[in-house]
Amino acid sequence: MKARYLVPNDYMADPAVHVFNGKLYIYPSHDRESGIPENDNGDHFDMRDYHVFSMEDVENGAVTDHGVVLDVNDIPWAGRQLWDCDLAFKNGRYYMYFPLKDKNDIFRIGVAISDRPEGPFIPQPDPIRGSYSIDPAILDDGDGRFYMYFGGLWGGQLQRYRDNKILECAAFPADNEPAIPSRIVKLSDDMLQFAEEPQPVLILDKNGRPLTAGDNSKRFFEASWIHKYNGKYYFSYSTGDTHLLCYAIGDNPYGPFVYQGVILNPVVGWTTHHAIVEFKGKCYLFHHDCVPSGGITWLRSLKVAELHYNPNGTIQTVE
Ligand code: FUB
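Scope of this entry: the structure provided in the associated data block.

Calculation rules
- Residues numbered from 1 in each chain as written.
- Predicted model: local features only at pLDDT ≥ 70, side-chain atom pairs only at ≥ 80, totals over all residues.
- Heavy atoms only, no water.
- Pairing = 2+ DSSP bridges.
- Helix = DSSP H or I, 4+ residues; strand = E, 2+ residues; numbered from the N terminus.
- Near = heavy atom within 4 Å.
- Polar contact = N/O pair within 3.5 Å; in protein donor to acceptor, adjacent residues only side chain to side chain.
- Areas by Shrake-Rupley, 256 points an atom, 1.4 Å probe, with all protein chains shown as cover.
- Nonpolar A, V, L, I, M, F, W, Y, C, P; charged D, E, K, R; others polar.
- Buried < 20%, exposed > 50% of the residue type's maximum accessible area, 1.4 Å probe, protein only.

1. Topic: the sheet that holds strand E1 (residues 4–5)
Link 1 in the chain: Spatially, E1-E23-E22-E21 is the arrangement adopted by the 4 strands of the open sheet, whose pairing is antiparallel. Single-partner strands in this sheet number two, and they are E1 and strand E21 (274–279).

2. Details of the site of the ligand
Link 1 in the chain: Around the ligand, the structure places Asp14, Met47, Trp83, Asp84, Ile134, Asp135, Glu222, Ala223, Thr271, His273, His288 and Arg300.
Link 2 in the chain: The separation between an oxygen atom of the ligand and a polar side-chain atom of aspartate 14 is 2.5 Å.
Link 3 in the chain: Arginine 300 is positioned with one of its side-chain polar atoms (N or O) 2.7 Å from an oxygen atom of the ligand.
Link 4 in the chain: About the coverage of the ligand: the protein hides 99% of its 280 Å² of free accessible area.
Link 5 in the chain: Residue classes in the shell around the ligand are distributed as 4 nonpolar, 3 polar and 5 charged.

3. Considerations on the pairing of strand E7 (residues 93–101)
Link 1 in the chain: Of all 9 residues in E7, 8 are buried; the element is thus mostly enclosed.
Link 2 in the chain: Relative to E7, strand E6 (residues 86–90) runs antiparallel, the two sharing 5 bridges. Across the sheet, leucine 87 pairs through a bridge with methionine 96, a residue of E7.
Link 3 in the chain: Following E6, the chain reverses through 2 residues before pairing antiparallel with E7; asparagine 91 in that reversal takes a positive phi of roughly 45°.
Link 4 in the chain: With 8 bridges connecting them, E7 and strand E8 (residues 107–114) associate as antiparallel partners. Bridge pairing in E8 places phenylalanine 98 opposite glycine 110.
Link 5 in the chain: Joining the antiparallel neighbours E7 and E8 is a turn of 5 residues, in which aspartate 105 adopts a positive phi near 65°.

Structure below.
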């Protein structure tokens, strides 16, 4: 299949993608031109709402826009910046998890609920207790347990936390120290809170050593995604300042995960972000780039490409 853009008339990024009721649903961030100058905090990514899109066929089919399903003005605790969200389905309800800065400019993760995959979604009055940072990605482990992976460096504020406590000052490890990890946490039965303390997601090299902070073409930066293939857990993520999408494989949701390689080489634009989903017997990589906006980092466009596995379960790099 030839890679293709999905929403040519608007800027959408950070896709989360799921199959519900035999249809494919896309939950992206909605980029816009806010006029805010670009900086390392990502203030220029000032998104204010989410749309939902659906497709019956990835290769040639139409993409249906279900319109605005959640607006920052409807979230009681909102400050600014609706970033990458993800979805989960349980007992007839759809739960949308979204990062948003609160009124103190601290990223927290909120939940909004709908009885339909295409929304609209009604936000809970408060963010999840103990939540922080950005980029929630949900694993439905198929046994009634749901896990959230989350976290992002720099503008995502993960460097401001250690052992789930906020630090007085942001702290980055030295280059030869273990990298700042993404986090994993089990969700409560009602899907509205954490059921435990978040734990680090350890990524090891092939010799069993944790990836270091200086290994910035391999270590975690942001944009967690998790999927299962042949009974293994594939944790994938962006390396941020080196602009790669990489992956690591583990035997259970908590890891450790062993680094395997690159899924997607750098695209046009600073950020790279993705979802991997199987639909109608094929595997797809949804991601974004900034080609249609002429390289404007904060105006990104949704794209899909087919993804292929090698017989040993490794993923072929998409160029
Ligand atoms: O869209 C804002 C941020 O950019 C996301 O949360 C990150 O993953 C990066 O794509």
